[in-house]
Amino acid sequence: MKRLFLALVITCVSSTASITLRGQGAAAPKPAAKAGLPSCDANNGGLTLPPGFCALVVHEGGLGEGRHIVVNDNGDIYVILRRGARPSPDQPFSAGGIVGLRDTNGDGKVDIVSEKFGTVGGTGLELRNGYLYYAAIEHIGRFKLTPGELKPAGPAEIVVDGFPVGGGHAEKDIALDDAGNVYVNIGLPSNACQIPDRLPGKPGIDPCPQLENGGGIWRFKADVVGQKFTKEARFASGLRQPVALAWHDGHLYVAMNSRDSLDTLFPEKGYTAEDNAFGPSEPMLQIAQGDVFGWPYCYHDSRLNKMILAPEYGGDGKTVGRCSQFKQIFAGFPAHYAPVDLMFYTGTQFPAKYRGGAFMTSHGSWNRAPFPMAGYNINFQPVANGKNTGAHEVFADGFKGMEPLKSPDLAAARPNGTNMGPDGSLYITESVKGKIWRVVYRGK
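Note that the coordinates shown come from a computational prediction; the quantities given were computed from them, not determined experimentally.

A.B. asks: Which parts of the structure should I look at to understand the overall build of the chain?
C.D. replies: Tallying secondary structure elements over the chain gives three helices and 29 strands in all. For 444 residues, the compact-globule formula gives about 22 Å, and the C-alpha radius of gyration of the chain, at 23 Å, lands near that figure. C-alpha atoms of the chain, sized along the principal axes, occupy 90 × 50 × 50 Å. Summed over its atoms, the accessible surface of the chain is roughly 19,000 Å², and 55% of this surface lies on carbon and sulfur atoms. Computing the positive centroid from 44 side-chain charges and the negative centroid from 42, the chain places the two 5 Å apart.

A.B. asks: How do you make sense of the pattern of salt bridges when you look at a structure like this?
C.D. replies: Pairs can form between side chains of opposite charge once their charged atoms are near each other. The full count for this structure, using the stated rule, is 22 salt bridges. Salt-bridge contacts for Asp223 lead to Arg142; the nearest nitrogen and oxygen are separated by 3.3 Å. Residue Asp223 is found in the loop between strand E12 (216-221) and strand E13 (227-228), and its partner Arg142 is found in strand E8 (residues 139-144); the two are separated by 81 residues along the sequence. Classification of Asp223 by relative accessible area gives partly exposed; the value is 46%. Judged by its relative accessible area of 7%, Arg142 falls in the buried class. Residues joined in a network through salt bridges with shared partners are Glu65, Arg67, Arg82, Arg83 and Glu171.

A.B. asks: Would you explain the side chain of Gln381 in this entry?
C.D. replies: Looking at the secondary structure, you find Gln381 in strand E23 (residues 377-381). Separated by 2.7 Å, the side chain of Gln381 and the backbone oxygen of Gly390 make a polar contact. Setting aside residues up to four positions removed in sequence, Gln381 forms contacts with Met284, Ala331, Phe333, Gly357, Ala358, Asn388, Gly390, Ala391 and His392.

A.B. asks: Whenever I open this one, the state of the cysteines confuses me. Can you help?
C.D. replies: Two cysteines form a disulfide when their sulfur atoms are joined by a covalent bond. Considering all chains together, one arrives at three disulfides under this definition. With its sulfur 2.0 Å from that of its partner, Cys40 forms a disulfide with Cys54. Residues Cys40 and Cys54 are joined through a disulfide that is right-handed, its torsion about the S-S bond being 60°. One end of the pair, Cys40, is in the loop between helix H1 (2-22) and strand E1 (53-59); the other, Cys54, is in strand E1, and 14 residues separate them in sequence.

A.B. asks: What's the story with the nonpolar core in this structure? I'm lost.
C.D. replies: One broad trend across soluble globular proteins is that nonpolar side chains are buried collectively. Within the largest apolar cluster, 33 residues are counted, with the highest numbers of intra-cluster contacts made by Ile217 and Ile287. Mapped onto this core, the elements with two or more residues apiece are strand E14 (234-237), strand E16 (251-257), helix H2 (262-265), strand E17 (282-287), strand E18 (298-301) and strand E19 (306-309). Excluding residues within four positions of it along the chain, Ile287 makes contact with Ile217, Phe235, Ala236, Leu239, Leu252, Val254, Phe293 and Lys327. In terms of nonpolar packing, the next biggest core, distinct from the first, is built from 21 residues, Val57, Tyr345, Tyr354 and Phe380 among them.

A.B. asks: Is there a simple way to think about the sheet that holds E14 in this case?
C.D. replies: The strands that make up a sheet are held in pairs by hydrogen bonds between backbone atoms, and each pair lies either parallel or antiparallel. Pairing is antiparallel across the open sheet formed by four strands, whose spatial order is E10-E11-E12-E14. Each having just a single partner strand, strand E10 (174-176) and E14 make up the two edges of the open sheet. Neighbouring strand axes in the sheet, compared pairwise and without regard to direction, differ in orientation by 20° on average. Two elements, E12 and E14, share three bridges in a ladder whose sense is antiparallel. Each residue of the ladder has a partner; that of Gly216, found in E14, is Ser237.

A.B. asks: What exactly am I supposed to notice about the environment of Arg259 here?
C.D. replies: Along the chain, Arg259 falls in the loop between E16 and H2. Counting along the chain gives 19 residues from Arg259 to Arg240, while the straight-line C-alpha distance between them is 7.7 Å. When neighbours within four sequence positions are excluded, Arg259 is seen to be in contact with Asn191, Ala192, Arg240, Leu265, Pro280, Tyr299, Ala310, Pro311, Glu312 and His336. In this structure the side chain of Arg259 is engaged in a polar contact, spanning 2.7 Å, whose partner is the side chain of Glu312.

A.B. asks: Would you mind going over the confidence of the model for the chain with me for this structure?
C.D. replies: Low pLDDT means the predicted atomic positions in that stretch should not be read closely. Chain-level statistics for the chain give a pLDDT mean of 92 and a share of 92% at 70 or above. Contacts from residues 1-33, a stretch scored under 50 in pLDDT, to residues over four places away or in other chains number twelve contacts.

A.B. asks: Can you help me understand the sheet that holds strand E9 (residues 157-161) in this one?
C.D. replies: Read across the open sheet, the five strands follow the order E6-E7-E8-E9-E13; overall the sheet is mixed. Looking at strand neighbours, the two that pair on one side only are strand E6 (124-128) and E13, the edges of this open sheet. Sheet topology note: the strand E7 (residues 131-135)/E8 ladder contains five bridges and is antiparallel. Bridging across to E8, Tyr134 finds its partner in Gly141.

A.B. asks: Got a minute to help me understand the layout of surface pockets in this structure?
C.D. replies: With a probe scaled to a water molecule rolled over the atoms, the places where space remains empty come into view. Its boundaries defined by the atoms lining it, the largest pocket holds a volume of some 720 Å³. Along the wall of the largest pocket there are 28 residues; nearest its centre are Glu126, Leu127, Met343, Asn419 and Met420. Contributing elements (two or more residues each) for the lining of the largest pocket: strand E2 (64-71), E6, E10, strand E15 (241-248), strand E21 (339-344) and strand E27 (415-420). When grouped by side-chain class, the residues that make up the lining of the largest pocket number 15 nonpolar, seven polar and six charged. Estimates place the volume of the second largest pocket at around 520 Å³. If you trace the second largest pocket, you find 24 residues lining it, with His169, Asn257, Ala338, His363 and Trp366 closest to the centre. For the lining of the second largest pocket, the class distribution of residues is five nonpolar, nine polar and ten charged.

Cut-offs applied
- Residues numbered from 1 in each chain as written.
- Predicted model: local features only at pLDDT ≥ 70, side-chain atom pairs only at ≥ 80, totals over all residues.
- Heavy atoms only, no water.
- Helix = DSSP H or I, 4+ residues; strand = E, 2+ residues; numbered from the N terminus.
- Rg over C-alpha atoms; globule rule 2.2 N^0.38 Å.
- Areas by Shrake-Rupley, 256 points an atom, 1.4 Å probe, with all protein chains shown as cover.
- Lys, Arg positive; Asp, Glu negative; His and termini not counted.
- Charge placed at Lys NZ, Arg CZ, Asp CG, Glu CD.
- Salt bridge = Lys/Arg side-chain N within 4 Å of Asp/Glu carboxyl O.
- Buried < 20%, exposed > 50% of the residue type's maximum accessible area, 1.4 Å probe, protein only.
- Polar contact = N/O pair within 3.5 Å; in protein donor to acceptor, adjacent residues only side chain to side chain.
- Contact = heavy atoms within 4.5 Å.
- Disulfide = S-S within 2.5 Å.
- Core = buried A, V, L, I, M, F, W, Y, C linked by side-chain atoms within 4.5 Å.
- Pairing = 2+ DSSP bridges.
- Axes fitted to C-alpha atoms, helices over the stretch in contact; angles between N-to-C directions.
- pLDDT = per-residue confidence, 0-100.
- 1 Å grid on protein atoms, 1.4 Å probe; cavity = no way out; pocket = protein on both sides within 12 Å on 5 of 7 lines; lining within 4 Å.
- Points joined across faces, edges and corners; volume = space filled by probe spheres on them.
- Nonpolar A, V, L, I, M, F, W, Y, C, P; charged D, E, K, R; others polar.

If you want it as C-alpha cells, here you go:
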C-alpha cells in the first residue's frame, strides 16, 4: 500500500508541474526558467540566439538614439542617448542625455523611466564607485548616484574637457582600469588623412598631422575633476576610430572602425567593390602604453590576414611596405561591421565557454554597396588569459529585420551597446528607437 500511495503522489506532482509549465501562455513552450530569471518573449523579441538562450524586450523604445547601456547592482538601467526622440517626422530630434529605467514589480520589464538628465548626448557610459561616467564629444563627465534614487540629484562633474572637435569620428567611448584611470578614444577626423577628406585619387598627408591631437587613445585620472585635454596624455596612436573600449584582466582592448571607400576613391588603382566590401578588417586590438598601429598609412586586410599599405600611401591591395613595423591585431571582424561597443563577460549565468570572452556590438555597415549591408549583430570573441583562443561567432542576430538589407536607413534596429546585469544576464540596446533586450541562459 505504501508503494502504491507513493507512486500516486509522484504521478500527481509530475502532472501538476507539467500543467504549470504549459500554462505560461507561450506559443512554443520555453525551457523552465532558472530561479530569479524572468520569462522570455515567445519570439525572443525578434532575436536569433544560440541554443539554451532566450530574450525578452525590457523596454520597447521611443527614447531616442540609444547608445551605450549600464546596469547597476540593484538592477537599475541607464542608457545614454546620442539624440533624443523625434516628436514627428517633420520635426528635429530632441537633445540627447541620459535616462534611468527601473523594473519595480520584478517581471523583467521597465515600468519607470526617469526624465532625461545631462545637457548633451554621447556614447560611452560606465559605473564606478557610486558614479555614472559618460563620454560626450567634447568632454568626460560623471554624475553622483544616490542609493535608492533613479535620477541623480545634482549636475555633472566634468572630469576632462577640451577634446578637439571638427571632422568625422567624434563619438567617444570610455574604459576604467583597476588603478583609477579612464581611457578615451579620439578618432582620426578623416578616412585616411586626405585633406580635404575623401578626394578620389589624392594621396594622404605624410606624416599625418591629424595624429597630433587624434587617432589614438588618451588616459586621464578617473577621480580628478577639472582636467584638460593635453597631447601628453596620449596612451596609444595610429588608430582610425576605436569607439569600443574595454578594460579586462589587466589589459586595455579596443575594437575599431577601419577604412571605407576603396573602390570609389581609387578605381584607377584597380580596387573593386568586392575589395571594399570584404577587404578591410574591423580589428580588435590589445593595447599597451606607447603602441602604434599604423593608421592611416596602413590597414589590415582580412583576406591576406596582414597589414598592407593604404592606397593613399602607395598601396596596391597587396604591398606591405612600412606596415610590417606596426603591432599586429588581436582579432579581426568582417569589413564595415562598425564596432561600437566591447564588453567582457565576467558572470557565471552563461556557459563556461563565454566566461572571460568578449562581446562586440556591431552597429552595421553603410559602405558595402552594391552588396547587401552586413553586421547589425552581437559577436562573441573567445579570450582567455589575455590571448585570442578562437574565431569569433555571431551570438545575437535578427536586429536589422529585412533580408537582404540594401540601406542602413531601412534597418529595424541597429545594436549599439551591451552590459552585464548583476545576475549575469546580457542587456542590449539599439539606436533606431532606443529599444532594450535582456538575454538570459535557460540551459538545455
